[in-house]
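A closer look at the structure
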Amino acid sequence: MSKRAISTEQIHHAYRAPEGWDAFPVGVFKASTVLFKNTADLHKLRPRDGLSYRYGLHGTPTSYTLAARLATLEGANHCLLTPSGLSAVTLVSLGLLRPGDEVLVPDNVYGQNRYLSESFLPQFGITHRFYNPLDAAGLAALLTPKTKLVWLEAAGSITLEFPDLLGLLRVCKAHGVITALDNTWGSGVAFQPFDLLPGSGPGSEPGFGVDISMQALTKYASGGADILMGAVCTRDLALHERLNHTHEHLGYGLGQNDVELVLRGLPTLELRYRAQDATTRALATWLQTRPEVAQLLHPALPGSPGHQFWLESSSAGAACLFSAVFKPEYSARQVDAFVDALALFGIGYSWAGPMSLAVPYDMSHSRALGLPYAGGVIVRFAIGLEALADLQADLEQALAVFASS
Ligand SMILES: *Cc1c(COP(=O)(O)O)cnc(C)c1O
């Protein structure tokens, strides 16, 4: 055969990595087209089980490896990956709710989940109600035959009340309502969401725990403040299949370079979680003693809302977040000046990355129920991997702003 043109040669080149090639890092397999051996292979039925491939949108060996490792991390059997944490939230609500259904959402839920329920789901005839996550009896009173999904979040966003997780789950189980936990905070390290009470273990038997655990991998699993991704884990196959059906219709795909970066971060996930947790508790305990602070919100601190529930279900971990409620005599302008005076804390959203962050929040209009925090302007701190002494010194110098402004 005469020599082929350069492009043809490059596209149809014969070299392949040898059989048995192996190394610790997982290969980055990118594909839209997945090649079949022949037409008989093409016509074969392929279950979407992570072992037989049909089209790159549904996954490649790289993304199925990440999904398998996350399922193990969560104590689940199945995991679906999504392009962001928010798209994982959306997958659960759109996957399980139909016209006429109602979803119950904790009042301190992640803000975008709140907006989804308030502004988007009503277009499909799906109603919502907010509940107080510290009050399991209150949740029981809201359940009706229309209730098809209860969202949980531990701890809640910004004000970090830790819910009565066991009490809320007992209520939902007694009524046969599906529960979905936003487990970004616990991240699979602080507690095992499918086995909140001892006596059960991973496998197909139901444990005492949630039905669905969803995470924004954007936070801890990535750890680098550079990736957006989400995961939805389940133990029950039928529930996984319902969600997978929606996942395929929504066309959620992932960049395999991003998947690789998350895989790279998983071996250090627990080390990072524990290091950030330790620095966060030390800083929160210290900041609580400062005269400028009215209330320190951190579930591991006695007196913080839901502390006793945190002791019941999560005392092995407490993440990297706390919020300081400043005394009401300080104006929003003064609190902004304090945040601007911080040198080591970036101002911006997200958390669990290497750099510490601080964001002021005015909570006066963003909740339906009165949850137990003191009022006043809140600053939510996300603690990174900097040294404790440096962060404390930075907070201390910035607090001087309150005396001078
Ligand atoms: C960040 C976050 C999300 C959303 O994740 P994105 O990747 O930013 O879309 C969902 N829930 C919680 C609790 C979060 O902190």
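Because the structure is predicted, anything quoted here is derived from the model rather than measured.

Sizing a probe to match a water molecule and rolling it over the atoms shows the empty space that remains. Empty space within the largest pocket amounts to approximately 720 Å³. As for the largest pocket, its lining consists of 33 residues, of which Tyr110, Gly111, Gln112, Ser157 and Ile158 are closest to the centre. Elements supplying a minimum of two residues to the lining of the largest pocket: helix H4 (85-96), helix H5 (111-120) and strand E6 (212-216). Among the elements that make up the lining of the largest pocket, the one with the highest residue count is H5 (four residues). Residues belonging to the lining of the largest pocket are distributed by class as follows: 17 nonpolar, 10 polar and six charged. When residues of the lining of the largest pocket are assigned to domains, at least three map to each of domain 1 (39-267) and domain 2 (269-404). The calculated volume of the second largest pocket comes to roughly 560 Å³. In terms of lining, the second largest pocket is formed by 17 residues, of which the most central are Phe29, Val34, Leu35, Tyr53 and Pro61. Its residues assigned to classes, the lining of the second largest pocket comprises eight nonpolar, three polar and six charged.

Turning next to the environment of Ala67. For Ala67, the position within the fold is in helix H3 (residues 61-74). In this structure the C-alpha to C-alpha distance between Ala67 and Leu80, which are 13 residues apart in sequence, comes to 6.4 Å. Each residue touching Ala67, except ones within four places of it in the same chain, is listed here: Cys79 and Leu81.

Right, let's get into the site of the ligand. Around the ligand sit Ser84, Gly85, Leu86, Tyr110, Glu153, Asp182, Thr184, Ala216, Thr218, Lys219, Leu228 and Trp351, and that is every residue in its neighbourhood. In the model, an oxygen atom of the ligand is placed 2.8 Å from a nitrogen or oxygen of the Leu86 main chain. Contact distances for the ligand include 2.6 Å between an oxygen atom and a side-chain N or O atom of Lys219. Of all the cavities here, the one that holds the ligand is the largest pocket. Residue classes in the shell around the ligand are distributed as five nonpolar, four polar and three charged.

The domain architecture assigned to the chain consists of domain 1 (39-267) and domain 2 (269-404). Summarising the inter-unit geometry, the C-alpha centres of domain 1 and domain 2 are found 27 Å apart. The interface is formed by 39 residues belonging to domain 1 together with 39 residues belonging to domain 2. Between domain 1 and domain 2 lies a buried interface of about 3300 Å² when both sides are counted; carbon and sulfur atoms form 66% of it. Per-residue buried area on domain 1 facing domain 2 is highest for Ile158, Trp185 and Tyr220; these three make up 25% of the total on that side. Our count for the domain 1 to domain 2 interface comes out at zero salt bridges. If you look at where domain 1 meets domain 2, you find 13 residue pairs in polar contact (both at pLDDT 80 or more). When grouped by side-chain class, the residues that make up the side of domain 1 that touches domain 2 number 22 nonpolar, 12 polar and five charged.

Leu66, Val150, Leu152, Phe162, Trp185 and Phe191 are the most contacted members of the largest nonpolar core, which totals 60 residues. The element best represented in this core is helix H7 (residues 165-174), accounting for six residues. Taken domain by domain, the makeup of this core includes at least three residues from each of domain 1 (39-267) and domain 2 (269-404). Filtering out sequence-adjacent residues up to four positions away, Phe162 remains in contact with Leu134, Ala154, Ala155, Trp185, Phe191, Pro299, Pro305, Gly306, Phe309, Trp310, Ser313 and Ser314. Of all hydrophobic cores here, the second largest spans 26 residues; its members include Leu301, Phe326, Phe345 and Ala398.

Let us look at the side chain of Ser213. Mapped onto the elements, Ser213 comes out in strand E6. Look at Ser213 and you get buried, because its relative accessible area is 0%. Within the structure, the side chain of Ser213 is placed 2.9 Å from the side chain of Glu74, a separation counted as a polar contact.

Moving on: H4. Spanning 12 residues, H4 covers 17 Å between terminal C-alpha atoms, matching the ideal 16 Å at 1.5 Å per step. The buried fraction of H4 is high, at 11 of 12 residues. For H4, the complete set of buried residues consists of Gly85, Ser87, Ala88, Val89, Thr90, Leu91, Val92, Ser93, Leu94, Gly95 and Leu96. Sitting at the amino-terminal end of H4 is Ser84, which places a side-chain oxygen 3.5 Å from the backbone nitrogen of Leu86.

Cut-offs used in this document
- Residues numbered from 1 in each chain as written.
- Predicted model: local features only at pLDDT ≥ 70, side-chain atom pairs only at ≥ 80, totals over all residues.
- Heavy atoms only, no water.
- 1 Å grid on protein atoms, 1.4 Å probe; cavity = no way out; pocket = protein on both sides within 12 Å on 5 of 7 lines; lining within 4 Å.
- Points joined across faces, edges and corners; volume = space filled by probe spheres on them.
- Helix = DSSP H or I, 4+ residues; strand = E, 2+ residues; numbered from the N terminus.
- Nonpolar A, V, L, I, M, F, W, Y, C, P; charged D, E, K, R; others polar.
- Domains from an automatic or database assignment.
- Contact = heavy atoms within 4.5 Å.
- Near = heavy atom within 4 Å.
- Polar contact = N/O pair within 3.5 Å; in protein donor to acceptor, adjacent residues only side chain to side chain.
- Sits in = over half its atoms within 2 Å of the grid points.
- Buried area = accessible area lost by both parts, 1.4 Å probe.
- Salt bridge = Lys/Arg side-chain N within 4 Å of Asp/Glu carboxyl O.
- Core = buried A, V, L, I, M, F, W, Y, C linked by side-chain atoms within 4.5 Å.
- Buried < 20%, exposed > 50% of the residue type's maximum accessible area, 1.4 Å probe, protein only.
- Expected span 1.5 Å × (residues − 1).

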